[in-house]
Amino acid sequence: MTAMSDLPGGPALPQERRLVTAVPGPKSQELMARKQAVVADGIGTVMPVFVRRAGGGVLEDVDGNSFIDFGSGIAVTSVGNSAEAVVRRASEQLRDYTHTCVMVTPYEPYVAVCEELAEVTPGDHEKKSVLLNSGAEAVENAVKIARAHTGRQAVVVFDHGYHGRTNLTMALTAKNMPYKHGFGPFAPEVYRVPMAYPYRWLTGPENCAEEAAAQAIDQITKQVGADNVAAIVVEPVLGEGGFIVPARGFLPRIAQFAKDNGIVFVADEIQSGFCRTGQWFACEDEGIVPDLITTAKGIAGGLPLAAVTGRAEIMDAAHSGGLGGTYGGNPVACAAALGSIETMREQDLAARARRVEEVMKPRLEKLAGEFDVIGDVRGRGAMLAIELVQPGTKEPAPQATTALAKACHQRGLLVLTTGTYGNVMRFLPPLVIGEDLLNEGLDVLEEALGQL
Ligand SMILES: *Cc1c(COP(=O)(O)O)cnc(C)c1O
């Protein structure tokens, strides 16, 4: 019999960094050989170790190594892996029923998740939601809904934006390699405009918000025509593009422009949402109330669930039967989401994310002073990053970034890289991580930087 405390990720999992073999160890290497034989090469690997257990702030591999987790499975396990409330509620749901299809016979957990989404997302207007399986699917549905509502076709997205890997979302995504290369043709009626990227804005960060917004709006009005635009889709803090925090003032101007022109403003909060940046949603930071908001990743503690939530009159524009999917809003995933949201509320994980920033950012800034390969330190809450450059320039240093990530992995710290130029190291610890592990992870980073 398994006691509660023996659950993977339960208190029995020691919250420590521990290396007992080289990384990867022999068992991981054996499994990697099996993977290479049967798993398509298109599925890459950030750190070549196979996981046995994970929880709190650590991942334990099949060789018995324990890694500090600065990745959260790409901002998913914000409440920790196998979090108590997620496991409890999903297990109860597994016993009752696993699937009926909400379009055949509905069930309460789906409705309860939509009630929670109406509650936690910005704005006190009447809201409705549709639940889906993946972030990309949520973005696709937001575009479908915006087109149905406006009767228009064009979709405006931004430089460095990332919205998924399906056909429409590849078109919405900026970066060619690895997301789009060789996979075209892409969906039409997608237009990309400048993003206010302070570190790389040519005339300097102080002009960035105003100039970027003016250029974006000029391009939309002159090249697309504002009254052809169904939706503007933007990440309030950019994820795969490099954890870019748009210069303050940029997003409110774009949101106002959308409002003035009857364009649906869609905040893609799939990575930045659910307490990650220190608020329930990143767009709250500048008081933005999006018309539609897409969520996924952190929503359900690791189970696949995504949502589009927004103004009831916009959400209802799609006819009955026009939205949905066989698995969308699976009851087990919904139960997990209710457990995840409950955990965020009860443990005030938004405050924990702000604490992560308080601990990490000053130390990252200190490292930037000591190591001139770090060109920029940025991010909010527990969504932080360093951008690596050739010392003394702003020339991206992707090789150094890869080497630094590998050096961290070999020392027992899981970190992820990202960015249009492949030169951003991002930090996405679970929001429940202990402060000792946070600091130890930074010690490891410092040591790895010294070795570089
Ligand atoms: C991850 C991500 C997506 C895609 O989500 P999937 O679940 O991988 O399909 C879309 N938008 C943003 C901002 C993301 O970070």
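What counts and how
Residues numbered from 1 in each chain as written. Predicted model: local features only at pLDDT ≥ 70, side-chain atom pairs only at ≥ 80, totals over all residues. Heavy atoms only, no water. Core = buried A, V, L, I, M, F, W, Y, C linked by side-chain atoms within 4.5 Å. Buried < 20%, exposed > 50% of the residue type's maximum accessible area, 1.4 Å probe, protein only. Domains from an automatic or database assignment. Contact = heavy atoms within 4.5 Å. Helix = DSSP H or I, 4+ residues; strand = E, 2+ residues; numbered from the N terminus. Polar contact = N/O pair within 3.5 Å; in protein donor to acceptor, adjacent residues only side chain to side chain. Salt bridge = Lys/Arg side-chain N within 4 Å of Asp/Glu carboxyl O. Pairing = 2+ DSSP bridges. Axes fitted to C-alpha atoms, helices over the stretch in contact; angles between N-to-C directions.

Here we take up the nonpolar core. The biggest cluster of nonpolar side chains holds 131 residues, and the ones touching the most others in it are I232, F250, F427 and L445. Taken domain by domain, the makeup of this core includes at least three residues from each of domain 1 (26–82 + 348–451) and domain 2 (86–346). Beyond its immediate stretch of four places on either side in the chain, L445 contacts L364, L367, L404, C408, L413, M425 and F427. Formed by 17 residues, the second largest nonpolar core is a distinct cluster that contains M47, A385, L416 and L428.

Another aspect to go through is the environment of T418. Tracing the backbone through its elements, the reader meets T418 in strand β14 (residues 416–418). The class of T418 is buried, set by a relative accessible area of 6%. Dropping the residues within four chain positions of it, T418 is found in contact with G239, E240, G241, G242, F243, N423, V424 and R426. From its side chain, T418 meets the backbone oxygen of E240 in a polar contact 2.8 Å long.

All right, on to the side chain of S66 then. Assignment of secondary structure puts S66 in strand β3 (residues 66–69). On the accessibility criterion, S66 (1% relative accessible area) is buried. One polar contact links the side chain of S66 to the main-chain carbonyl oxygen of E16, over a distance of 2.6 Å.

In the structure shown here, the tally under the stated rule is 25 salt bridges. With a closest N to O distance of 2.4 Å, R89 and E342 form a salt bridge. With a gap of 253 residues between them, R89 in helix α3 (residues 84–96) and E342 in helix α10 (residues 331–346) connect regions that are remote in the sequence. Residue classification places R89 among the partly exposed positions, given a relative accessible area of 26%. Take E342: its relative accessible area is 17%, and that puts it in the buried class. With its nearest N and O atoms 3.4 Å apart, the salt bridge here joins K222 to D218. With K222 and D218 both in helix α7 (residues 205–224) and four residues apart, this pair spans about one turn of that helix.

The next subject is the sheet that holds strand β9 (residues 292–295). The seven strands are arranged β4-β10-β9-β8-β7-β5-β6 in an open sheet whose pairing can be described as mixed. Bordering the open sheet on either side are β4 (127–132) and β6 (190–193), each of which pairs with just one other strand. For this sheet, the mean inter-axis angle between neighbouring strands, taken without regard to orientation, is 20°. Across the face of the sheet, α7 comes into contact with β5 (154–158), β6 and β7 (229–234) while running at roughly 145° to β6.

Turning our attention to unusual backbone geometry. If a residue is not glycine, its phi is most likely negative; likewise, a peptide bond is most likely trans. With an omega dihedral of 5°, the bond running from M177 to P178 counts as a cis peptide bond. Within the element layout of this structure, P178 appears in the loop between α6 (167–172) and β6. The residue after G184, namely P185, is reached through a cis peptide bond having omega 5°. One can find P185 in the loop between α6 and β6. Even without being a glycine, I74 presents a positive backbone phi close to 60°. For I74, the position within the fold is in helix α2 (residues 72–75). Overall, the relative accessible area of 34% leaves I74 in the partly exposed class. Of note in the backbone geometry, S82 takes a positive phi value of approximately 45° without being a glycine. Mapped onto the elements, S82 comes out in the loop between α2 and α3.

So yeah, pure geometry; function would need other evidence.
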